[in-house]
Amino acid sequence: MVAPLYTTASGLLFHAGKILVCTVGLPARGKTHVSRALERYLRWTGVKTTVISLGDYRRKVLGSAQKLPPDYFTLGEKSEETIKLREKVLQGCEQQIWDFFNAGGQVVIYDANNGTRERRNAVAEKFDKAGIHVIMLENSCDNEEIIMANIRSVKISSPDYRSWDPERAVQDYLNRIKDHELHYEPVEETTWPFIRIKNVGEKIMVNNVHGYLQSRIVFFLMNIHNRPRTIYFARSGQSLIEHSYKADSDLSPAGWEYAERLKEFVLDRRAKSLEQRGINPAERRLVIWSSARRRSHHTAWPFLTKGANDHAPPPKVKVLERPQMSEINPGVWDGLSPDQVRKYYADEWERFVNDPYAYRAPRAESYHDLCVRLEPTLIELEREREDLLIIGHASVIRCILAYLIGLPASEIPAIEVARGDLIEVVPTSYGVYSQAHHFWDGPGRSASGKDEHNFYENYAEDTRGKRRPEAKADGASEPVVAAVAA
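It should be emphasised that the depicted structure is a prediction, and the values quoted were computed from it without experimental measurement.

Caption draft 1: Representation of the overall build of the chain within the structure. A count of helices and strands for the chain gives 15 helices and 12 strands. Intrachain contacts of the chain at a sequence separation of at least 6 include 75% that bridge at least 24 residues. As displayed, the chain offers around 21900 Å² of accessible surface, 50% of which is attributable to carbon and sulfur atoms.

What follows is the structure, given as structure tokens:
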């Protein structure tokens, strides 16, 4: 089982050594999407991972494509100026890889075309001599719909095509691809271990990949796709007994009202979003995940029925209960206020305040335990191709959001998730876009958001900005978000 783990003196985990994953493939084949998704997953497991993108580095050093010689993106014979520029970018990018490894990093994903055997061998041999495990990750695609969708959604929005007419940008990029196709050599050599992915997850081929961490990489890549989708998060409605973990109580009258309002808001928001993309909302199914707790599962019930105010037929909805998504177990602190815990468990309280992520109250779960429990759910999240609404508990939503957004483990307890806010997350090739929409001000949402007798579940307001001492000392490159919802 994998989840955010602990650091070691060497910075390396799983006795796996250092790994260089070299992407291979023609432009617009999903290399960046796969690279960023793999980076997110490996960081979640505690492995120090980064993506070094040749394209991003080139834009940083040389500027956009308009500032480059005409033959920069064509293969074959080149001018002396172009050769020097390309060599400068390649050497600078490789130096970034060395710098990351020398600073204690474990996995580098080198996001570049690497389209010839000569180029792949040149890179691999350099790092293999230093004892670094090299894996070739080839992305091939013969589905024109996927290619065109990738070009329109990702490539023409890059700085290379800023202020260009979209159709002209698409044609220019297609011309760039055609030139690369003339010189492209697929990975057929068995000199190095390789993973070959076809059509972003449709088919996967693995050759000579050994080791636990390497196998985890293969396992993850078997479960991803790049179909556009939106993931929504909302807390369950107010229950009859709010402050008890043991009491699996049903929704209160206000909770049922909340559930109806959530349905209206989600379906309206989703319909507008799909229509903007030219998709008929009636043709796309909405999948809803809830925990097996009554207040979570019953909050999803209105989506399966047609209410008095519904003018359209019920949407295509599928509701799934996931027992792994139950809230964090507070143990003997169940139902206690912070003042009561300070009085009866003074030593335990001090340890909890110092490390809210890793600390485990007596007979309880820590956030680390919860992350371990949720790992199968995260893999199912990667597999899900439809729009997804997760109706859950605050602690569970924090963990899943941290995974998607890429927050360090120490920040998980500090993410605010208010009842009455719908959090919308859209995964993209270069990360995720997230925003919160407020839709409820009724019972169950206090002005401060605090719940004194359920603080173990809702401790975000008291830990805002807190991080473990070692987390502060770590590199500042990791994103830090103190609040996701208002």
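There is more to say after this.
Caption draft 2: Molecular detail of the sheet that holds strand β6 (residues 203–207). With respect to topology, six strands assemble into an open sheet ordered β2-β3-β1-β4-β5-β6, the strand pairing being mixed. The sheet terminates laterally at β2 (49–53) and β6, the two strands that pair on one side only. Across the sheet, the mean angle from the axis of one strand to that of its neighbour is 15 degrees, orientation sign disregarded. Summarising the sheet, strand β1 (residues 19–24) and strand β3 (residues 107–111) pair through four bridges and their orientation is parallel. By the bridge assignment for β3, Ile19 is matched with Val107. Along the sheet, helix α2 (residues 54–62) contacts β2 and β3; its crossing angle with β2, the most-contacted strand, is approximately 60 degrees.

Caption draft 3: Highlighting the packing of helix α1 (residues 31–44) against helix α13 (residues 394–405). Interaxial distance between α1 and α13 falls to 8 Å at its minimum, and their mutual angle equals 130 degrees. Here α1 is positioned oblique relative to α13, judged by the angle of their axes. Facing Arg40, Tyr41 and Trp44 of α1, the residues of α13 in contact are Cys399, Ala402, Tyr403 and Leu404. Looking at the contact of α1 with α13 residue by residue, the classes come out as six nonpolar, no polar and one charged.

Caption draft 4: Helix α8 (residues 253–276), seen in detail. Over its 24 residues, α8 runs 35 Å from end to end, which matches the ideal 34 Å to within 8%, given 1.5 Å per residue. Among all positions of α8, only Ala254, Gly255, Tyr258, Ala259, Leu262, Lys263, Phe265, Val266, Arg270, Ala271, Ser273 and Leu274 are buried.

Caption draft 5: Main features of the pattern of salt bridges. Under the defined criterion, the tally for this structure stands at 34 salt bridges. The salt bridge partner of Glu375 is Arg216, with a shortest N-O separation of 2.7 Å. Here Glu375 is found in helix α12 (residues 367–383), whereas its partner Arg216 is found in helix α7 (residues 212–221), with 159 residues between them in sequence. The class of Glu375 is buried, set by a relative accessible area of 4%. Three or more residues are tied together by salt bridges with common partners; here these are Arg36, Glu39, Arg43, Asp56 and Arg59.

Caption draft 6: Representation of the nonpolar core in the model. Formed by 70 residues in total, the largest nonpolar core has its most connected members in Ile195, Phe220, Leu221, Phe233, Leu381, Ile390 and Ile400. When neighbours within four sequence positions are excluded, Leu221 is seen to be in contact with Val34, Leu137, Ile195, Ile197 and Ile204.

Caption draft 7: The sheet that holds strand β11 (residues 421–428), seen in detail. Overall, mixed pairing links the six strands, which are arranged β9-β8-β10-β7-β11-β12 in an open sheet. Whereas interior strands pair on both sides, the edge strands pair on one side only; in this sheet they are β9 (317–321) and β12 (431–438). Sheet twist, expressed as the mean angle between neighbouring strand axes with direction ignored, is 20 degrees. Pairing between β11 and β12: eight bridges, direction antiparallel. Along β12, the bridge assignment pairs Val425 with Ser434. Seen against the sheet, α8 touches β7 (231–235), β8 (286–290), β10 (387–392), β11 and β12 and runs at an angle of roughly 165 degrees to β7.

Caption draft 8: Layout of the packing of aromatic side chains. Under the criterion given, the structure shown has 12 aromatic pairs. Ring geometry for Tyr258 and Trp440: centres 5.6 Å apart, planes at 90 degrees, overall edge-to-face. Residue Tyr258 is located in helix α8, and its partner Trp440 is located in the loop between β12 and α14 (460–463); the two are separated by 182 residues in the primary sequence. Seen in terms of ring centroids, Trp333 and Tyr345 are 6.3 Å apart; in terms of plane orientation they differ by 55 degrees. Their pairing is tilted. Residue Trp333 is located in the loop between β9 and α10 (338–344), and its partner Tyr345 is located in the loop between α10 and α11 (346–354); the two are separated by 12 residues in the primary sequence. Residue class for Trp333 comes out buried when judged on its relative accessible area of 1%. Of the aromatic side chains, those joined through ring pairs into one cluster are Trp333, Tyr345, Trp349, Phe352 and Tyr359. Between Arg168 and the ring centre of Trp164, over which it is positioned, the NZ or CZ distance is 4.0 Å. Cation over ring: Arg322 sits above Trp289, and NZ or CZ is 4.2 Å from the ring centre.

Caption draft 9: Looking closely at the side chain of Arg216. Owing to a relative accessible area of 16%, Arg216 belongs among the buried residues under this scheme. Here the side chain of Arg216 touches Tyr41 through a polar contact of 2.8 Å, side chain to side chain.

Caption draft 10: Representation of the pairing of β8. Summarising burial for β8: five of the five residues are buried, a large majority. Of the two faces of β8, the one holding Leu286, Ile288 and Ser290 and the one holding Val287 and Trp289 are both buried throughout. In this sheet, β9 lies alongside β8 in parallel orientation, the contact comprising five bridges. If you follow Leu286 over to β9, its bridge partner there is Val317. Taken together, the five bridges between β8 and β10 define a ladder with parallel strand orientation. Counted as the bridge partner of Ser290 is Ile391 from β10.

Caption draft 11: View of the packing of α1 against α12. Packing of α1 against α12 leaves a shortest axis separation of 12 Å and a crossing angle of 170 degrees. Classified by the angle their axes make, α1 and α12 are roughly antiparallel. Of α12, the residues touching α1 (which contributes Arg40, Tyr41 and Trp44) are Cys371, Glu375, Leu378, Ile379 and Glu382. For the contact of α1 with α12, the per-class residue count stands at five nonpolar, no polar and three charged.

About the criteria used
Residues numbered from 1 in each chain as written. Predicted model: local features only at pLDDT ≥ 70, side-chain atom pairs only at ≥ 80, totals over all residues. Heavy atoms only, no water. Helix = DSSP H or I, 4+ residues; strand = E, 2+ residues; numbered from the N terminus. Contact = heavy atoms within 4.5 Å. Areas by Shrake-Rupley, 256 points an atom, 1.4 Å probe, with all protein chains shown as cover. Pairing = 2+ DSSP bridges. Axes fitted to C-alpha atoms, helices over the stretch in contact; angles between N-to-C directions. Parallel < 35°, antiparallel > 145°, perpendicular 65-115°, else oblique. Nonpolar A, V, L, I, M, F, W, Y, C, P; charged D, E, K, R; others polar. Expected span 1.5 Å × (residues − 1). Buried < 20%, exposed > 50% of the residue type's maximum accessible area, 1.4 Å probe, protein only. Salt bridge = Lys/Arg side-chain N within 4 Å of Asp/Glu carboxyl O. Core = buried A, V, L, I, M, F, W, Y, C linked by side-chain atoms within 4.5 Å. Phe/Tyr/Trp six-rings, centres within 6.5 Å; stacked < 30°, edge-to-face > 60°. Lys NZ or Arg CZ within 6 Å of the ring centre and 35° of its normal. Polar contact = N/O pair within 3.5 Å; in protein donor to acceptor, adjacent residues only side chain to side chain.

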